[in-house]
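A closer look at the structure
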Amino acid sequence: MQRASPHTSSVKREMAGDRVHAALPDPPSQSEDDNKEEEKAFGNIFAELESVDLPLGTTLRSIYDDQPNAHKRFMEKLDARIRNHDREIEKMCNFHHQGFVDAITELLKVRTDAEKLMGQVTDTNRRLQEAGREVTAQTEEVICCRIQQRNMATTVEKLQLCIPVLEMYSKLKEQLESKRYYAALKTMEQLEKVYIPRVSQYRFCQIMAENLPRLREEIKDISMSDLKDFLESIRKHSDKVGETAMRQAQQHRTFHSAVTKQASMGHYTKPVYSLNGRTHTHNGLMMDDDTGDEEEADEEVLTAQDLVDFSPVYRCLHIYTVLGDRETFENYYRKQRKKQARLVLQPQANMYETVEGYRRYFNQIVGFFVVEDHILHATRGLVTRAFTDELWNMALSKIIAVLRTHSSYCDDPDLVLELKNLIVIFADTLQDYGFPVNRLFDLLFEVRDQYNETLLKKWALVFREIFELDNYSPIPVETEEEYKLVVSRFPFHDAEIEKQDFPKKLPMSQSVPQIYTQVKEFIYASLKFSESLHRSSTEIDDMLRKSTNLLLTRTLSSCLQNLIKKPHIGLTELVQIIINTTHLEQACRYLEEFITNITNVSPETVHTTRLYGLSTFKDARHAAEGEIYTKLNQKIDEFIQLADYEWGMAESDGRASGYLMDLINFLRSTFQVFTHLPNNNNDHASMSGKVAQTACMSACKHLSTSLMQMLLDTELKQISMGAIQQFNLDVIQCELFASSEPVPGFQGDTLQLAFIDLRQLLDLFMVWDWSTYLADYGQPTSKYLRVNPATALALLEKVYRGMKDTSKKNNIFSQFRKNDRDKQKLIETVVKQLRSLVNGMSS
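Residues numbered from 1 in each chain as written. Predicted model: local features only at pLDDT ≥ 70, side-chain atom pairs only at ≥ 80, totals over all residues. Heavy atoms only, no water.

**Focus on the overall build of the protein chain**
- Summing up its helical and strand segments, the protein chain has 28 helices and four strands in all.
- Within the protein chain, the fraction of its 843 residues that count as buried is 40%.
- Counted over contacts in the protein chain with a minimum sequence separation of 6, partners at least 24 positions apart contribute 77%.
- Roughly 47200 Å² of accessible area belongs to the protein chain as shown, and the carbon and sulfur atoms make up 51% of that amount. (Helix = DSSP H or I, 4+ residues; strand = E, 2+ residues; numbered from the N terminus. Buried < 20%, exposed > 50% of the residue type's maximum accessible area, 1.4 Å probe, protein only. Contact = heavy atoms within 4.5 Å. Areas by Shrake-Rupley, 256 points an atom, 1.4 Å probe, with all protein chains shown as cover.)

Set out below in structure tokens:
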């Protein structure tokens, strides 16, 4: 019978208690049916007691607690129950007794056999133990060997897993030692993803795994250090890279020019040339054999890769890409290159002094952008076109500002021309690499203006030297060879001079052919700047004409004006300058033809600029003529200052003053120089005659005005009639000089009219014809029409004061006193009338 769980037993006991309580019989007063129920209840209790192996406290308690005498009846029933069971047991034993006796008998029979069998088994076991003892020992050895074999196999298996890891780690070390960092990173990646996970349980693998991040950082640091060395290296080698690139561009330009010339002559070639490793070919005929060209063609073309080792930047880029930090590397590289760009764009302080300074500056910039162009095409995304364009735009603005500043300091046209050539090569080189350079060619127009300015300054010195060395006399020609030499330098043609025998003289001085030659040299020099500017012939023609106009209208004109104003230039030199400017003016059309032959642009083109030489030389002639008149007047003033009149003399000396005769003699000799100028053609004769006539008229007018001012000088208070007579003699000499025709070409008494004011004034005082003057005043037919009342009044007052002073000295003779008093009264009357005329004029 199985034991029930405590919980189940307790439940059963409670249920049994309930049943017992319900099954207990009532007191003896119950009926027979009640006895049956009591029997049934006790039967249930006994059944429960017999079937339950748990504590019987609950069941028994229900027996004793429910009814009085219940215990006694229970015991009675229990005894009856026991007796009943005993009878059943006895019956069962009686039924099975014989079988039990038979089983015991059989067991006793088997006992003997069992003992015998036990003995045999024991003996067999002993013998088996003895026999198996050696086998057991050998079996243990076999087990140990098998365990060792299993351990060895396990070890070999594990070692086979570990050996590739160790080999890869050893390979990693070798790669790091040989600086194959990119391969080392790939090895690390294989270790992490493939090999180490297979044996991750081992300590050494854990150490390896912990070392790999540190090795990656070391590789990053080493590669970054290599990159920094690379950046420093290309900063140092940019000059060489740029020099090579610009030399190749220059060779390309030279070659292209040669090909163009040969193509125009029907000979062409099939060259092969390279720029930055890019090969180009031209189809055509083979060139003539030229050793120099062949050697140049065979020469190996260097590229940026030949001059700079780019492996550090490639390696660093790959390393950072593998490490997933490419963006950091790109930002660092671009930032450093921007810094280097700013350093490259900083010029030396004295760069403008030599062309080498500009060349180094351009070489560094070209080298920088050649490297960037190579990085742009050799890597994917390290630098972008937008980045290089940004760098170039920044650099271009800086370059233009630097060139503007430094070129302004340069005063050597040869240096400016070399600078222009460098800028052209610089622009062509960068244009070949795809950088826009239009702003550089625009800058060249500014540099061209600077070049023209330096040329003008240089030619100003040349012109000054020519003028200083000129003797300002006609060119003597002794032989026909000398004549042809002069004519070859200057376009001079004169039929009359060509007919003359040698020796002969040309009308211009030596400076004229020299000036003409130098103007042509200036045009050539100006043309040099226009080469390689990719401009049309019309534009070049316009440039040449404008620069030549500046030379003529500003530089040459200024030199001529300064020459004319120099004090040592005399009248003869001034006349020769006038003749020279006339010939230079006539040569301007030959200069225009000269420019047309250079540019092949017809002068009839609508926009063709004309040369302004005509106005330049006309202005110079007018200035020379004015200077002639000025110098003559200055000389007249010098003679006038020598005048020493005795204004109180009683009578004249009877002859003209000495200073005046010297002045007249000077004027005669001067105008003889004018008339003796070479008059080999009508132009020269009319020009020199016109200048002489104007100069003579100007001199006579100035002399007349100076003499008039001498009479009317406010510091001169009194004049005697004797002084008037002496002054009249001097004016007569002036009139005689004017009437002697010192310069041919005057009509009638035109020159004498310069003294008409003086003549009428002096006649009025000499004749003392005041009544006629006052009566005819204002009439067109007046004898003294040119005498101004104010002038007559001023001179009359001086004469009146002189007469009063004379009468005081001669008061001994009474008859003179009376005559003087009458004359003084007349003068006072005339003075009043003159004052009334003056007042009437002023009102």
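**Let's talk about the packing of helix H4 (residues 70-177) against helix H5 (residues 181-195)**
- The geometry of H4 relative to H5 is characterised by a closest axis approach of 8 Å and an angle of 160° between their N-to-C directions. Judged by the inter-axis angle, H4 sits roughly antiparallel to H5. By crossing handedness, the relation of H4 to H5 is classed as left-handed. Of the residues in H5, those in contact with Pro164, Val165, Met168, Tyr169, Lys171, Leu172, Gln175 and Leu176 of H4 are Tyr181, Ala183, Ala184, Thr187, Met188, Gln190, Leu191 and Tyr195.
- Residue composition of the contact of H4 with H5, grouped by class: 12 nonpolar, three polar and one charged. (Axes fitted to C-alpha atoms, helices over the stretch in contact; angles between N-to-C directions. Parallel < 35°, antiparallel > 145°, perpendicular 65-115°, else oblique. Left-handed = near helix turned anticlockwise from the far one by under 90°. Nonpolar A, V, L, I, M, F, W, Y, C, P; charged D, E, K, R; others polar.)

**Details of the packing of helix H14 (residues 438-469) against helix H18 (residues 537-565)**
- Look at H14 against H18: their axes get within 9 Å of each other, and the N-to-C directions meet at 35°. The element H14 and its partner H18 pack so that their crossing is right-handed. Facing Phe445, Arg448, Asn452, Glu453, Leu456, Trp459, Ala460, Phe463, Arg464 and Phe467 of H14, the residues of H18 in contact are Met543, Ser547, Leu550, Leu551, Arg554, Thr555, Leu556, Cys559, Leu560 and Leu563.
- Each residue belonging to the contact of H14 with H18 can be placed in one class, and the counts come to 13 nonpolar, three polar and four charged.

**Some points on the pattern of salt bridges**
- One pass over the full model with this rule turns up 29 salt bridges.
- A salt bridge links arginine 214 to glutamate 218, with the shortest nitrogen-to-oxygen separation between them at 2.6 Å. Highlighted residues: arginine 214 and glutamate 218, both in helix H6 (residues 203-265), separated by four residues, approximately one helical turn.
- Linking lysine 484 and glutamate 480 is a salt bridge whose minimum nitrogen-to-oxygen distance equals 3.6 Å. (Salt bridge = Lys/Arg side-chain N within 4 Å of Asp/Glu carboxyl O.)

**Re a nonpolar patch on the surface**
- A contiguous nonpolar surface patch, about 480 Å² in accessible area, is contributed by Phe100, Val101, Ile104, Leu107 and Leu108.
- Among the structural elements, phenylalanine 100 can be located in helix H4.
- The exposure class assigned to phenylalanine 100 is exposed, which follows from its relative accessible area of 54%. (Patch = residues over 30% accessible without salt bridge, like charges linked within 9 Å, V, L, I, M, F, W, Y side chains within 5 Å.)

**A word on the environment of glutamine 726**
- Its place among the elements puts glutamine 726 in helix H24 (residues 721-739).
- By relative accessible area, glutamine 726 is classed as buried at 3%.
- Sequence separation between glutamine 726 and alanine 656 is 70 residues, and the spatial gap between their C-alpha atoms is 7.0 Å.
- Beyond its immediate sequence surroundings of up to four residues, glutamine 726 is in contact with Tyr645, Met649, Ser652, Asp653, Gly654, Arg655, Ala656 and Ser657.

Shape descriptors only; they carry no functional weight alone.
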